[in-house]
Amino acid sequence: FTIDAVTHLPGMLSAAGIKKVHMVQMYYGGRPVSQYLKGWDTFSDYTKYECLPGSNVWTETPNTNLAEVVSSKKWDIVTIQEHSGDAAAWTWNATAKNNIQGLMDKVKAAQGADEPEFYYILSQAYSDNAKIGQASRPSITWTDHAGMWAVVSAFGRKVMENIPFDGIISTGVMLENLRTSSINNELNLTRDGFHMDRGIACYGASCTVFETIFTPRYNVKTSDVNYTSDVSNSSTTPITSANAPVAREAAKYAVMSPYVTKKMQ
């Protein structure tokens, strides 16, 4: 889901003329925070997606681990995200707190005295409950994405109340906002019932990250960035001059109110 949140950032940063940002994301599908912590320096099955300063694309490097990447340089910002399709993200308890705090502490120890800022990415609710893994299905208490969002957002509130994050990036409520708009579709803006549509929905998520992290530092808003994409297929809704402002508005509301859905026209 972090990929959903940052897919369009390289292109957006390039379009904004921002050439000093180095980004890395560590990908292994479906892994909750507990597994990131458990395999801190032993799991080398991640794909590292990297965007070098001035680039407008992500590049891939296989077979890396978290300890290597975190220790490779001093990072200004680190994001942590729980897997919202796992029951671990539906009930706040000591285990959930220890896992997230433990992962943060690993990063702090690797970075030394000059600690980065930490942001929590609050991920999306599924459109299709059947996409939730068998082990977590007995814990389902809802019937639609709005019900799931209520559970996920309540968990996010607890994260922010109990762990010293510097801020929250609620890509999940951005998607819920967008789902109330005129550009919603039969898949609720997903490509498969749970991952975001690679076009307009992922763009809205990237706008949420951009407005939270880059706008305060570079004084550039997403509305100032001329970014569109004509890629169109079954999993990708093109980003156009007509629908991009709607996604940006959904992101703006997400920054202002990270837990509560805003009804859009």
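Shown above is the structure to which this text applies.
Residues numbered from 1 in each chain as written. Predicted model: local features only at pLDDT ≥ 70, side-chain atom pairs only at ≥ 80, totals over all residues. Heavy atoms only, no water.

Caption draft 1: Representation of the overall build of the chain within the structure. On a plain count of helices and strands, the chain comes out with 9 helices and 6 strands. Taken over C-alpha atoms, the radius of gyration comes to 17 Å for the chain, in line with the 18 Å a tight globule of 265 residues would show. Expressed along its principal axes, the backbone C-alpha trace of the chain runs to roughly 45 × 45 × 30 Å. In the chain, which comprises 265 residues, the share counted as buried stands at 51%. Sequence-distant contacts, at least 24 apart, represent 72% of the contacts inside the chain between residues at least 6 apart. Seen as two clouds, the 23 positive and the 25 negative side-chain charges of the chain have centres 2 Å apart. (Helix = DSSP H or I, 4+ residues; strand = E, 2+ residues; numbered from the N terminus. Rg over C-alpha atoms; globule rule 2.2 N^0.38 Å. Buried < 20%, exposed > 50% of the residue type's maximum accessible area, 1.4 Å probe, protein only. Contact = heavy atoms within 4.5 Å. Lys, Arg positive; Asp, Glu negative; His and termini not counted. Charge placed at Lys NZ, Arg CZ, Asp CG, Glu CD.)

Caption draft 2: The pattern of salt bridges, seen in detail. Applying the stated criterion across every chain, the model contains 6 salt bridges. Among the salt bridges present, the one from D4 reaches R191, with a minimum N-O distance of 3.2 Å. Linking D4 in helix α1 (residues 2-6) with R191 in the loop between α7 (171-179) and α8 (200-218), this pair joins segments that are 187 residues apart in sequence. Residues D4 and R191 agree in their burial class; the two are buried. Measuring nitrogen to oxygen at the nearest pair gives 2.7 Å for the salt bridge that ties E117 to R217. You can see E117 sitting in strand β5 (residues 117-121) and its partner R217 sitting in helix α8, a full 100 residues away along the chain. What makes R217 partly exposed here is its relative accessible area of 38%. (Salt bridge = Lys/Arg side-chain N within 4 Å of Asp/Glu carboxyl O.)

Caption draft 3: Expanded view of the sheet that holds strand β3 (residues 59-64). Taken in spatial order, the 3 strands of this open sheet run β1-β2-β3, and their pairing is antiparallel. Edge positions in the open sheet fall to β1 (23-27) and β3, since each of these has one partner strand only. Geometrically, the sheet is characterised by an average inter-axis angle of 25 degrees between neighbouring strands, direction not taken into account. (Pairing = 2+ DSSP bridges. Axes fitted to C-alpha atoms, helices over the stretch in contact; angles between N-to-C directions.)

Caption draft 4: Here's a closer look at the layout of surface pockets. The calculated volume of the largest pocket comes to roughly 1,300 Å³. In this structure, the largest pocket is lined by 48 residues; those nearest its centre are T2, V24, Q25, M26 and T79. When contributions to the lining of the largest pocket are tallied by element, the ones reaching two or more residues are α1, β1, α3 (33-38), α4 (66-71), β4 (77-81), α5 (94-111) and α8. Residue classes in the lining of the largest pocket are distributed as 30 nonpolar, 9 polar and 9 charged. (1 Å grid on protein atoms, 1.4 Å probe; cavity = no way out; pocket = protein on both sides within 12 Å on 5 of 7 lines; lining within 4 Å. Points joined across faces, edges and corners; volume = space filled by probe spheres on them. Nonpolar A, V, L, I, M, F, W, Y, C, P; charged D, E, K, R; others polar.)

Caption draft 5: Molecular detail of the environment of P245. Mapping P245 onto the fold places it in helix α9 (residues 244-256). P245 sits 23 residues away from T222 along the chain, and the two C-alpha atoms are 9.2 Å apart.

Caption draft 6: Here's a closer look at the nonpolar core. Among the nonpolar cores identified, the biggest contains 78 residues, and I100, F165, M174, Y203 and F210 are the most heavily contacted of them. Contacts of I100, omitting those with residues within four sequence positions, involve V33, I80, W92, Y120, F155, V159, I163 and F165. (Core = buried A, V, L, I, M, F, W, Y, C linked by side-chain atoms within 4.5 Å.)

Caption draft 7: How the structure looks around the sheet that holds β4. Read across the sheet, 3 strands follow the order β4-β5-β6 without closing on themselves; strand pairing throughout is parallel. Sheet topology places β4 and β6 (167-169) at the edges, where each strand pairs with a single neighbour. Strand-to-strand, the axes of this sheet are offset by a mean angle of 35 degrees, without reference to chain direction. Taken strand by strand, α8 contacts β4, β5 and β6, and its axis lies near 135 degrees from that of β6.

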